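# Report on the structure
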Amino acid sequence: MCGIFGYLNFLVERDRRFVLDTLIKGLSRLEYRGYDSAGLAVDGDTEDQTFIFKQVGKVAALKKLVDTQEIDFEKSYISHCGMAHTRWATHGQPSQLNSHPHRSDNHNEFTLVHNGIITNYKEIKTLLEKKGFSFETETDTECVAKLTKYLYDSQKNSDITFTDLVKMVVKELEGSFAFIFKSTHFPNEIVATRRGSPLLIGVKTAKKLKVDFVDVEFGNAPDAINIPDKDPTGFMDPTEGGRPQMNRSLSRAFMSEDGMPQPIEFFLASDASAIVEHTKRVLYLEDDDIAHIADGELHIHRLRRDDGNSPATRSIQTLEIELAEIMKGSFDHFMQKEIYEQPESVVNTMRGRVNFETHKVTLGGLRGYLSIIRRARRIVFIACGTSFHSCLATRAIFEELTEIPSQVDLASDFLDRRTPIFRDDVCVFVSQSGETADTIMAMRYCLERGAVCVGITNTVGSSISRETHCGVHINAGPEIGVASTKAYTSQYIALVMMAIQLSEDRLSTTKRREEIIDGLYRLPGHVKEVLAQDANLQKLAEETLSKEKSLLLMGRGYQNATCLEGALKIKEISYMHSEGILAGELKHGPLALIDENMPVILIMTKDSLYPKVQSALQQVTARKGQPIIICNTGDDNLIRDYKTIQVPQTADCLQGLINIIPLQLLSYYLAVLGNIDVDFPRNLAKSVTVE
Ligand code: F6R
């Protein structure tokens with residue numbers, strides 16, 4: 001989804017070419033999130049000028065447009081603020097006009113980039129139109145730029161600060177957002193804010209920072225800028241209200257140790273992958289933080305008066321990702337790299353948590369909540385897409401080990417149903433990004449109802465990891481390919497580990513836990529065995545499946561989730577219709593699809609349901625179906641009679657971790673054969689931050 005990047009230099013001389021290149025590189029690191037157009041804004045030749053460049057299509061097309069401008073690329077700045085954006089269209093087609101940055105007027109007095117959706121934009125737009133504003137785009141964002149100008153013009157004589165102006169604007173907005181604001185009225189200043197969409201700020205200095213936190217500056221009046229409540233039209237009367245009353249603190253962090261302002265660069269971004277090559281020192285903004293950067297200092301204000309619960313500082317943390325992790329290296333695509341990383345990523349998920357000798361699991365992030373979770377009346381797993389499948393894949397082992405009734409819900413449906421949630425429920429939110437809008441809304445819904453909320457995410461600092469009571473980071477490393485692969489296997493393992501730890505007080509399940517932990521120990525080797533079949537899978541994709549229009553995947557029990565996840569992978573990146581079918585349901589409908597022409601993959605690895613899947617095989621072959629069978633190595637009857645993909649056998653509840661690998665590879669090769677941009681499939685985004 002939309003990506004935001006901002007770059008500010010202070011007392012560090014940079015020319016325009018450097019600034020533009022930095023912005024464009026920042027955008028290219030965000031490309032994986034999915035987008036359809038891109039744009040940026042930098043200072044013009046005079047203080048009252050802002051240059052905006054926008055282009056439909058790839059960041060490379062924007063770069064081309066910028067490179068052909070007749071501007072002075074050598075112009076140098078001691079202090080400068082630039083911002084950039086990749087857009088994933090929600091309101092209005094992908095077009096140059098609809099791309100961000102958006103502006104308040106023809107003179108670009110206020111420009112901004114936005115990630116998220118403003119749900120009350122129509123009301124704001126109608127009102128501004130009545131005030132004489134005309135709009136040039138179909139977006140929800142443009143009304144925010146125009147609203148900023150409207151409020152600024154109304155306050156003109158009061159020396160309003162940029163921070164207070166943005167506060168006034170944000171107070172009028174409903175929906176989710178991360179914004180960066182820039183203005184010719186406030187040269188070399190940037191204000192950034194967020195609510196529901198991620199935004200972090202990287203800090204780069206040559207000298208050490210004095211402290212590693214930033215004080216939050218709370219207003220000392222009931223409302224930080226004393227603005228009256230909304231008037232009936234939806235806007236406050238900007239002529240009323242007193243002067244801003246802020247607790248101005250020294251921004252201690254940004255002095256050098258000798259107490260002097262120091263050369264400094266700031267990088268703002270929707271995610272860490274755009275920042276890590278510049279600096280590892282980052283600060284995550286909280287919802288309703290208003291960050292103001294000027295004169296080399298970062299100040300964090302709150303939109304409203306402190307409710308007593310917000311922490312008084314934001315810590316400057318150290319990113320733990322390496323640049324190499326977000327580069328493709330020798331692989332053709334990120335997806336391929338990430339599939340191949342699984343022998344290591346599964347180990348990273350278990351590292352320091354599973355003791356293979358004592359057969360013990362310790363998840364530090366759940367400490368303090370284990371006994372509450374064990375007493376839960378029910379566990380509700382809530383997620384979207386692939387993350388939902390990881391919950392489905394592990395529900396049975398949860399129920400078996402914990403004996404707590406468990407349900408798995410798609411976040412959007414969970415919200416649509418307004419599912420009853422009680423204080424003695426435990427709700428588990430699984431999300432690779434930790435920023436999926438539907439999952440976040442479901443989490444907030446459950447928090448409001450007093451349930452214990454557990455987060456399982458791959459993104460440290462994400463909304464889900466910050467707002468849940470406790471949780472597990474899956475530590476799979478950054479996943480850039482839109483199709484989730486290593487995050488799926490790591491989420492699956494994190495959930496299995498959670499089930500094991502929750503049941504450690506149950507003697508009756510000791511043997512079962514030991515069997516699973518032994519299986520986890522062998523897992524990296526098993527994954528490698530499957531990856532070694534890469535060439536065969538490529539051949540199968542090429543010779544048998546690539547010309548097909550449709551592909552059915554069937555299995556039951558633990559393998560139902562594998563079928564659903566495999567079908568999702570195939571459809572999302574190869575655009576081939578694919579459906580996961582619970583084999584027990586065949587005769588209740590899907591069997592009608594079967595004939596000698598319908599491609600079928602049947603998962604028949606050995607577990608207690610094997611005889612039942614055999615009967616599904618018979619139902620398919622009796623209709624002249626010719627299934628490809630995923631079976632265990634050594635299952636000679638199947639290997640003799642059918643086209644097979646052979647995988648090593650493990651504990652039933654872990655078999656899905658191994659069975660999904662050939663399906664990931666098949667989907668990858670089907671996409672490559674179809675000449676599809678594997679890492680950027682059409683219409684999809686990596687991080688789905690809108691409803
Ligand atoms: C598919 C895929 C998506 C995501 C879904 C939820 O390959 O990646 O289905 O799983 O959009 O995203 P997260 O896990 O970030 O909440």
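Read on for an overview of the structure. (Residues numbered from 1 in each chain as written. Predicted model: local features only at pLDDT ≥ 70, side-chain atom pairs only at ≥ 80, totals over all residues. Heavy atoms only, no water.)

### Observations regarding the overall build of the protein chain
What counts here: Only DSSP runs of H or I reaching four residues or more are called helices, and only runs of E reaching two or more are called strands; each is numbered from the N terminus. Only C-alpha atoms enter the radius of gyration, while the globule expectation follows 2.2 Å times N to the 0.38, with N the number of residues. Partly exposed describes any residue whose relative accessible area lies between the buried limit of under 20% and the exposed limit of over 50%, with all areas from a 1.4 Å probe on protein chains only and scaled to the type maximum. Contacts between residues were defined by any pair of non-hydrogen atoms, one from each residue, lying within 4.5 Å. Under the counting rule used here, the positive set is Lys and Arg, the negative set is Asp and Glu, and His together with the chain ends is not counted. The atom standing in for a charge is NZ when the residue is Lys, CZ when it is Arg, CG when it is Asp and CD when it is Glu.
Each helix and strand counted, the protein chain has 19 helices and 28 strands in total. Taking 691 residues into account, the globule formula puts the C-alpha radius of gyration at 26 Å, and the protein chain, at 27 Å, falls close to it. Viewed in the frame of its principal axes, the protein chain has a C-alpha envelope of about 85 × 55 × 50 Å. A buried classification covers 60% of the 691 residues belonging to the protein chain. Counting contacts in the protein chain only where the partners sit at least 6 residues apart, residues at least 24 apart contribute 75% of the total. Averaging the locations of the 78 positively and 93 negatively charged side chains of the protein chain gives two centres separated by 3 Å.

### Here we look at the state of the cysteines
The condition that has to hold: Cysteine sulfurs are considered disulfide-paired once they come within 2.5 Å of each other.
By the definition in use, this model includes zero disulfides. The structure places no disulfide on Cys-143, whose sulfur is separated from the nearest cysteine sulfur, that of Cys-2, by 15 Å. Residue Cys-143 is classed as buried on the basis of its relative accessible area of 0%. For Cys-453, which is in no disulfide, the shortest distance to another cysteine sulfur is to Cys-427 and amounts to 5.2 Å. Given a relative accessible area of 0%, Cys-453 falls into the buried group.

### Some points on the site of the ligand
The condition that has to hold: Nearness of a residue to a molecule or strand requires only that one of the residue's heavy atoms be within 4 Å of it. For the purposes of these results, a polar contact is taken to be a pair of N or O atoms within 3.5 Å, where, inside protein, one atom must be able to donate a hydrogen and its partner to accept one; residues adjacent in sequence count only when each atom of the pair is a side-chain atom. Each accessible area value is a Shrake-Rupley result obtained with a 1.4 Å probe; residue values ignore everything except the protein chains displayed when judging cover. Residues were grouped as follows: Ala, Val, Leu, Ile, Met, Phe, Trp, Tyr, Cys and Pro as nonpolar; Asp, Glu, Lys and Arg as charged; and all remaining residues, including Gly, as polar.
Close contacts around the ligand come from 15 residues, with Ser-387, Ser-431, Ser-433, Thr-436 and Glu-572 the closest. Within the backbone of Gln-432, a nitrogen or oxygen atom sits 2.7 Å from an oxygen atom of the ligand. Contact distances for the ligand include 2.4 Å between an oxygen atom and a side-chain N or O atom of Thr-436. In the complex, 89% of the free accessible area of the ligand, which totals 410 Å², lies under the protein chains. Across the shell around the ligand, the residue classes tally to five nonpolar, eight polar and two charged.

### Examining the packing of aromatic side chains
The line we're drawing: Classification of ring pairs rests on two measures: the distance between centres of Phe, Tyr or Trp rings, Trp counted by its six-membered ring, which must be within 6.5 Å, and the angle between planes, read as stacked under 30 degrees, edge-to-face over 60 and tilted in between. In this scheme, the term charge over a ring applies when either NZ of a lysine or CZ of an arginine sits within 6 Å of the ring centre and within 35 degrees of the ring normal.
Counted according to the given criterion, the structure contains 16 aromatic pairs. Taken together, the aromatic side chains of Phe-110, Tyr-152, Phe-162 and Phe-186 make up a single cluster linked through ring pairs. Over the aromatic face of Phe-680 sits the side chain of Lys-58, whose NZ or CZ is 4.5 Å from the ring centroid. The ring of Phe-135 is capped by Lys-146, whose NZ or CZ atom sits 5.4 Å from the centre of that ring.

### What about the environment of Ile-628?
By secondary structure assignment, the location of Ile-628 is in strand 27 (residues 628-632). Accessibility expressed as a relative area gives 4% for Ile-628, which makes it buried. Along the sequence, Ile-628 and Lys-643 sit 15 residues apart, while their C-alpha atoms lie 5.1 Å from each other. Once residues within four sequence positions are removed from consideration, Ile-628 is found in contact with Leu-540, Thr-544, Leu-545, Val-600, Ile-601, Leu-602, Lys-643 and Ile-645.

### Some words on the sheet that holds strand 27
This is how the line gets drawn: We call two strands paired when DSSP finds no fewer than two bridges between them. Lines fitted to C-alpha atoms define the axes here, with helix axes fitted over just the stretch in contact, and angles between the N-to-C directions of these axes take values from 0 to 180 degrees.
Read across the open sheet, the five strands follow the order 25-24-26-27-28; overall the sheet is parallel. In this open sheet, the two edge strands, each paired with only one partner strand, are strand 25 (577-582) and strand 28 (643-647). Across the sheet, the mean angle from the axis of one strand to that of its neighbour is 20°, orientation sign disregarded. In this sheet, strand 25 lies alongside strand 24 (residues 550-555) in parallel orientation, the contact comprising six bridges. Across the sheet, residue Met-554 finds its bridge partner in strand 25, namely Ile-581. Sheet contacts for helix 16 (residues 558-574): strand 24, strand 25 and strand 26 (600-603); angle to strand 25, the most-contacted strand, approximately 175°.

### What about the sheet that holds strand 21 (residues 425-431)?
Taken in spatial order, the five strands make up an open sheet running 20-19-21-22-23, and their pairing is parallel. Of all strands in the sheet, those with a lone pairing partner are strand 20 (406-410) and strand 23 (470-473), marking the two edges. Each neighbouring strand pair of the sheet contributes to a mean axis angle of 20°, computed without reference to strand direction. Pairing analysis gives five bridges linking strand 19 (residues 378-383) to strand 21, with the strands arranged parallel. Bridge assignment links Arg-378 to a residue of strand 21, and that residue is Asp-425. Here helix 11 (residues 437-448) sits on the sheet and contacts strand 19, strand 21 and strand 22 (452-457); the angle it forms with strand 21, its principal contact strand, is near 165°.

### Remarks on the nonpolar core
This is how it is decided: Only buried residues count toward a nonpolar core, which is a set of Ala, Val, Leu, Ile, Met, Phe, Trp, Tyr and Cys residues joined through side-chain atoms within 4.5 Å.
Counting 87 residues, the largest nonpolar core has Val-428, Val-454, Ile-456, Met-498, Ile-601 and Leu-666 as the members making the most contacts within it. In terms of residue count, the dominant contributor to this core is helix 13 (residues 486-502) (twelve residues). Dropping the residues within four chain positions of it, Val-454 is found in contact with Leu-366, Ile-373, Val-426, Cys-427, Val-428, Phe-429, Thr-468, Cys-470, Gly-471 and Met-498.

### Concerning unusual backbone geometry
In this structure, Pro-101 follows His-100 across a cis peptide bond, with omega equal to 0°. Considering the arrangement of structural elements, one finds Pro-101 in the loop between strand 4 (76-87) and strand 5 (102-103). Unusually for a residue other than glycine, Arg-418 sits at a positive phi of about 45°. On the secondary structure map, Arg-418 appears in the loop between helix 10 (411-416) and strand 21. On the accessibility criterion, Arg-418 (54% relative accessible area) is exposed. The phi torsion at Lys-624 lies on the positive side, around 65°, for a residue other than glycine. Structurally, Lys-624 is set in the loop between helix 17 (610-622) and strand 27.

### Focus: helix 4 (residues 142-155)
Our working rule: Helix span is expected to be 1.5 Å times the residue number reduced by one.
Under the 1.5 Å per step criterion, the end-to-end length of helix 4 is 20 Å for 14 residues, consistent within 8% with the ideal 20 Å. Counting buried positions along helix 4 yields twelve of 14 residues, so the element is predominantly enclosed. Within the span of helix 4, buried status applies to Glu-142, Cys-143, Val-144, Ala-145, Lys-146, Leu-147, Thr-148, Lys-149, Tyr-150, Leu-151, Tyr-152 and Gln-155. Elements in contact with the buried residues of helix 4: strand 5, strand 6 (110-118), helix 3 (121-130), helix 5 (162-171) and strand 7 (175-183).

### Concerning the pairing of strand 24
Our working rule: Convention used here: a crossover is right-handed provided that the path from the first strand, over the helix, to the second strand proceeds clockwise when the strands point away from the viewer.
Most of strand 24 sits out of view: six of its six residues are buried. The alternating pattern of strand 24 places Ser-550, Leu-552 and Met-554 on one face and Leu-551, Leu-553 and Gly-555 on the opposite face, and all of these are buried. Assessed by its sense of winding, the connection that carries the chain from strand 24 through helix 16 to strand 25 is right-handed. Pairing of strand 24 with strand 26 involves three bridges; the strand directions are parallel. The partner of Leu-553 across the bridge, within strand 26, is Ile-601.

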